[in-house]
Amino acid sequence: MFKSADRAMNRLGAGALLAALALTLCGCMSSTSSLDQLAGATPSGSPFAQNLFKNYAYLARSFGPTTNASDGMFDIFGSGDEVNDLAEAYATKALIAAKGVEVEPEPANGTAGAMRDRLISALAAGKERFAADAARAQADFDCWMLNGSVSAQRGAAEQCHASFNATLARLEQDTRRRV
């Protein structure tokens, strides 16, 4: 008698577990990622914020089609795909900028921290007059920092670093000129 009661409880528990997993999976499938929301975003705010949107959206889309395998409950188990995470990070920054918010550059330490300080100064001096160059410099910096945190993206991070050096130099030169 106890065996049949135990068996019934096990079946009931397994059924409840399957139902909970199905509901969780449905919730994961219906969630919309930041990357998915980019297509419908219309940038507003300052020319600098609009250019930040353009640059971050470009970076987000540069990874091509991504899967949602890292979304939802699967992140609990640490199986998230780092490339998808990067694309989502750029998409999130783009969506924030689309609302007219001027996103801060990524934090940095050491030599990169000194470069960030130069960027902050150049942005303060030139983001109103040279919005496109200022936004590009910030996006290049963030690309350097974020891609550098993923081992598979180290080559891309170095390209972003080189581009950042060039765009920062151009922005600093532009802000020194009297226009």
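Now for a look at the structure at hand. (Residues numbered from 1 in each chain as written. Predicted model: local features only at pLDDT ≥ 70, side-chain atom pairs only at ≥ 80, totals over all residues. Heavy atoms only, no water.)

Comments concerning the packing of aromatic side chains
Then, in step 1: Within this structure, the stated rule accounts for 4 aromatic pairs.
Then, in step 2: Their ring planes at 85 degrees and their centres at 5.7 Å tell us that F141 and W144 sit as a pair that is edge-to-face. Of this pair, F141 and W144 both sit in helix α6 (residues 131-148), 3 residues apart, which is roughly one turn of that helix. You'll find F141 and W144 in the same group, each marked buried.
Then, in step 3: Put simply, the rings of F141, W144 and F164 pair up and form one aromatic cluster. (Phe/Tyr/Trp six-rings, centres within 6.5 Å; stacked < 30°, edge-to-face > 60°. Helix = DSSP H or I, 4+ residues; strand = E, 2+ residues; numbered from the N terminus. Buried < 20%, exposed > 50% of the residue type's maximum accessible area, 1.4 Å probe, protein only.)

Digging into the nonpolar core
Note that soluble globular proteins tend to have their nonpolar side chains buried in a common cluster.
Then, in step 1: Residues L38, Y56, Y90 and W144 are the most contacted members of the largest nonpolar core, which totals 40 residues.
Then, in step 2: Every element with two or more residues in this core is listed here: α3 (47-61), α4 (82-98), α5 (110-126), α6 and α7 (154-176).
Then, in step 3: Top contributing element to this core by residue count: α6, with 10 residues.
Then, in step 4: In this structure W144 touches A112, M115, A157, C160, H161 and F164, once residues within four positions along its chain are discounted. (Core = buried A, V, L, I, M, F, W, Y, C linked by side-chain atoms within 4.5 Å. Contact = heavy atoms within 4.5 Å.)

As for the state of the cysteines
Then, in step 1: Scanning all chains against the criterion turns up 1 disulfide.
Then, in step 2: There is a disulfide in this structure between C143 and C160, and the S-S distance comes to 1.8 Å. Highlighted residues: C143 in helix α6 and C160 in helix α7, separated in sequence by 17 residues. (Disulfide = S-S within 2.5 Å.)

Notes on α4
Then, in step 1: Its 17 residues give α4 an end-to-end C-alpha distance of 24 Å, which sits within 8% of 24 Å, the value for a rise of 1.5 Å per residue.
Then, in step 2: Among the residues making up α4, those that are buried are N84, L86, A87, E88, Y90, A91, K93, A94, L95, A97 and A98.
Then, in step 3: Against α2 (34-37), α3 and α6 lie the buried residues of α4.
Then, in step 4: Just downstream of α4 lies G100, where phi reads positive at about 90 degrees. (Expected span 1.5 Å × (residues − 1).)

What to know about the pattern of salt bridges
Where side chains of opposite charge bring their charged atoms close, a pairing between them can arise.
Then, in step 1: With the rule as written, the count across this model stands at 8 salt bridges.
Then, in step 2: Linking E104 and R116 is a salt bridge whose minimum nitrogen-to-oxygen distance equals 3.8 Å. One end of the pair, E104, is in the loop between α4 and α5; the other, R116, is in helix α5, with 12 residues separating them in the sequence.
Then, in step 3: Of the charged contacts, one joins D140 and R136 as a salt bridge, the two residues approaching to 3.1 Å between their closest N and O atoms. With D140 and R136 both in helix α6, this residue pair falls 4 residues apart, about one helical turn.
Then, in step 4: Residue classification places D140 among the buried residues on the basis of a relative accessible area of 7%.
Then, in step 5: Residue R136 is classed as partly exposed on the basis of its relative accessible area, which comes to 36%. (Salt bridge = Lys/Arg side-chain N within 4 Å of Asp/Glu carboxyl O.)

A short note on α3
Then, in step 1: Under the 1.5 Å per step criterion, the end-to-end length of α3 is 21 Å for 15 residues, consistent within 8% with the ideal 21 Å.
Then, in step 2: Residues of α3 that are buried: F48, A49, N51, L52, F53, N55, Y56, A57, L59 and A60.

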